[in-house]
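# Examination of the molecular architecture
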Amino acid sequence: MGDQTASDLSKAYQAATLQKDTIASYVALLSPSLLTQRLLSSAADTNVSAMVGYENDVRAFHKALRKFYYYHLFKDPEFSQESFEALPQFTPNMRTLGESNKEN
């Protein structure tokens, strides 16, 4: 299926993004404005690690949805009220300010 085919490409993209962020963190040591921007992004939890965490939450939700719907489409044709109540809900992991600062 398409999701599984794109998995390796997606993981490679994420690894490259993290590698670029690591390089940028070293460059930021030479630039006060870039360092300030990175610190503010970290405090706001809008930095690269937060983005990657959100992407991973979306992937996990997508996997749960796929599992839920494939079961109902191919194994259990009846979609009841109980099934609907078991429908996966997206709940991203929210970190507190203290947690996001521990990484930097």
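Only a predicted model underlies this, so the values are computations on that prediction, with no experimental measurement involved.

### Looking at the layout of surface pockets
Quantified by volume, the second largest pocket comes out at close to 270 Å³. Taken together, Asp 3, Gln 4, Ala 6, Ser 7, Ser 10, Lys 11, Arg 59, His 62, Lys 63 and Arg 66 make up the full set of residues lining the second largest pocket. Breaking the lining of the second largest pocket down by element, the ones donating at least two residues are α1 (2–28) and α3 (48–74). At 6 residues, α1 tops the list of elements feeding residues into the lining of the second largest pocket. Of the residues assigned to the lining of the second largest pocket, the class counts are 1 nonpolar, 4 polar and 5 charged.

### Observations regarding the environment of Tyr 69
Among the secondary structure elements, Tyr 69 is positioned in helix α3. Note: C-alpha distance between Tyr 69 and Leu 87 (18 residues apart in sequence) is 8.7 Å.

### Some thoughts on the packing of aromatic side chains
Scanning the entire structure with this criterion turns up 6 aromatic pairs. Considering the side-chain rings of Phe 68 and Tyr 69, the 5.2 Å spacing of their centres and the 85 degrees angle between planes classify their relative orientation as edge-to-face. Accessibility expressed as a relative area gives 10% for Phe 68, which makes it buried. Ring-pair connections join several aromatic residues into one group, and the members of that group are Phe 68, Tyr 69, Phe 79 and Phe 84.

### Some details on α3
With 27 residues, α3 should reach 39 Å at 1.5 Å per residue; the first-to-last C-alpha distance of 38 Å fits that figure. Taken residue by residue, α3 has Ala 50, Val 52, Asp 57, Phe 68 and His 72 as its buried positions.

### Some remarks on the confidence of the model for the chain
Per-residue confidence for the chain gives a mean pLDDT of 86, with 88% of residues at or over 70. The least confident element of the chain is helix α5 (residues 97–102), whose mean pLDDT is 49; the most confident is helix α2 (residues 32–43), at 96. Confidence over residues 100–104 falls short of pLDDT 50; this stretch has 9 contacts with residues more than four positions distant or in other chains.

### Thoughts on the side chain of Gln 14
Here Gln 14 shows up in helix α1. The buried category is assigned to Gln 14, whose relative accessible area is 13%. In this structure Gln 14 touches Val 52, Glu 55, Asn 56 and Arg 59, once residues within four positions along its chain are discounted.

### Looking at unusual backbone geometry
Positive phi, close to 60 degrees, is recorded for Asp 45, a residue that is not glycine. Position of Asp 45 among the secondary structure elements: in the loop between α2 and α3. Relative accessible area serves as the criterion here: at 23%, Asp 45 is assigned to the partly exposed category.

What counts as what
Residues numbered from 1 in each chain as written. Predicted model: local features only at pLDDT ≥ 70, side-chain atom pairs only at ≥ 80, totals over all residues. Heavy atoms only, no water. 1 Å grid on protein atoms, 1.4 Å probe; cavity = no way out; pocket = protein on both sides within 12 Å on 5 of 7 lines; lining within 4 Å. Points joined across faces, edges and corners; volume = space filled by probe spheres on them. Helix = DSSP H or I, 4+ residues; strand = E, 2+ residues; numbered from the N terminus. Nonpolar A, V, L, I, M, F, W, Y, C, P; charged D, E, K, R; others polar. Phe/Tyr/Trp six-rings, centres within 6.5 Å; stacked < 30°, edge-to-face > 60°. Buried < 20%, exposed > 50% of the residue type's maximum accessible area, 1.4 Å probe, protein only. Expected span 1.5 Å × (residues − 1). pLDDT = per-residue confidence, 0-100. Contact = heavy atoms within 4.5 Å.

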